[in-house]
Amino acid sequence: MIRSRSPRQFRSITLNAGTHKGRTIVFMTSLTVAAMLIFLCMMAVQLVASGNGDSFAARIVRSASSQSLHNIMGQEIPLYASADPNRAGVPNEPSLHIASMLFYLFTEIDAEHPESILNRQISAMAVSHSNSLTEGFDEPPAEDKLPETPDQHQPPPETEQPNPMQPDGKPLVYIYHTHNREAYLPDLGLTDPLKAYDKNKNITLVGERLLKSLKSKNIEAIQTKNDYWYKGNIQNEYDLSRKTVQEVLKQHDSIKMVFDIHRDSGSRGSTTAQINGQDVAKVFFIIGGSNPNWQENSEFAKKLHAKLQQMYPGLSKGVHKNKWDNPAYDSRYNQDLFKNSVLIEIGGPDNTLEECYRTADMLANVIAEAAKDKQTAAGNQGRP
């Protein structure tokens, strides 16, 4: 049985502009459209004329960008929603709830993810990314806090020159410390991790222990202990330590390995191991992701990590590559100056200097083995 379709009924609205109510509606509608056109024109002019990515117009564009597409496609295609990279973690853009979006437009703080407030106050949280380069070692190193200190804005003496310890002989290993004031709380008599920084009792003592241990194994080494705690007209301490490294490498062409020794910022549980019945500080190998030749440095670090795992299982926390999205932060870590260079973090603020000294002795054994391997390889290359 075929049913005939009934004719479609249309509704019409008649607006009498002659009445007061009609004139009011027409006026308000015209005023709203005009305001929207003016607003859009102002945004367009701001986007074209201004190169500032934090402009009000840019925030509006960002707030209603690809996240809208993700939301729409996720609702229509369930498989797409499950594969959305933002699903597993914190989304890169704010959700498009009206209140949240308006709050974000004026403050750039995502109300649904308040950690964005910390990102604005602690720059490293917002721009630093760490990738593990060794399988099974996924825990990333903690971010540096580097609080302000009273003398932090006093420039170093203009006459300061690299002053390597024990410069006689031909050094094979060079040790320095970009964050030279990183320290260990138990030895300072403190408990606040933000205060684990000291002008005298700091990470340079661990580097000195590593140097002495190397020399006891007939491995010539030098160390610089320059104070880079100045943050005047520079971006970070690596701008200062870079000059030192360049000068030392120029003075000593015999150097085969370069180590920038730091301290991690993790808690004691993650920075401590037991080796031979004693507590020791764990070791992180850090590679600068902005170095165009970072793979060469990575191969060097991986060899040290593998040998450390072989000789002292559980001491190494693996090799990690750090990359900073913000160009104001240097994530080369001076490693572009020398292919066999790596940043090494020893222990955390809750470790003791004695625990770090034990680690330095073990690390010296590993470096000595690596040095012998290099000497053997060099000797084999010179044979017919």
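Figured I'd write up the structure that's included with this text.

Rules used throughout
- Residues numbered from 1 in each chain as written.
- Predicted model: local features only at pLDDT ≥ 70, side-chain atom pairs only at ≥ 80, totals over all residues.
- Heavy atoms only, no water.
- Patch = residues over 30% accessible without salt bridge, like charges linked within 9 Å, V, L, I, M, F, W, Y side chains within 5 Å.
- Areas by Shrake-Rupley, 256 points an atom, 1.4 Å probe, with all protein chains shown as cover.
- Salt bridge = Lys/Arg side-chain N within 4 Å of Asp/Glu carboxyl O.
- Helix = DSSP H or I, 4+ residues; strand = E, 2+ residues; numbered from the N terminus.
- Pairing = 2+ DSSP bridges.
- Core = buried A, V, L, I, M, F, W, Y, C linked by side-chain atoms within 4.5 Å.
- Buried < 20%, exposed > 50% of the residue type's maximum accessible area, 1.4 Å probe, protein only.
- Contact = heavy atoms within 4.5 Å.

## Some points on a nonpolar patch on the surface
So, point 1. The grouping of Phe27, Met28 and Leu31 at the surface amounts to a nonpolar patch, some 320 Å² of accessible area in total.
So, point 2. Structurally, Met28 is set in helix 1 (residues 20-49).

## Structural notes on the pairing of strand 6 (residues 278-281)
So, point 1. Strand direction decides the pairing type here: strand 5 (residues 272-275) and strand 6, joined by four bridges, are antiparallel. Residue pairing in the sheet places Ile275 in a bridge with Gln278 of strand 6.
So, point 2. Remark: two residues form the turn of the hairpin made by strand 5 and strand 6, two consecutive strands paired antiparallel; Asn276 in that turn has positive phi of roughly 55°.

## Let's talk about the nonpolar core
So, point 1. Of all hydrophobic cores here, the largest spans 45 residues; its most connected members are Val173, Phe259, Phe285 and Ile346.
So, point 2. Top element by residues in this core is helix 13 (residues 353-382). It accounts for 12 residues.
So, point 3. Excluding anything up to four places from it in sequence, Ile346 contacts Tyr184, Val206, Ile261, His262, Arg263, Asp264, Ala281, Lys282, Val283, Cys356, Thr359 and Leu363.
So, point 4. If you look at the next biggest cluster of nonpolar residues, it comprises eight residues, including Tyr174, Ile222, Leu249 and Ile255.

## Re the pattern of salt bridges
Oppositely charged side chains are able to pair whenever their charged atoms sit close together.
So, point 1. A complete count under the given rule lists nine salt bridges for this structure.
So, point 2. In this structure, Glu220 and Lys215 form a salt bridge, with 2.8 Å as the shortest nitrogen-oxygen distance.
So, point 3. Judged by its relative accessible area of 30%, Glu220 is partly exposed.
So, point 4. Lys215 gets classed as partly exposed once you look at its relative accessible area, which sits at 24%.
So, point 5. For the salt bridge of Glu355 with Arg268, the shortest nitrogen-to-oxygen distance reads 2.6 Å. Residue Glu355 is found in helix 13, and its partner Arg268 is found in helix 11 (residues 268-271); the two are separated by 87 residues along the sequence.
So, point 6. Within this structure, Glu208, Lys212 and Lys225 form a network of salt bridges that share partners.

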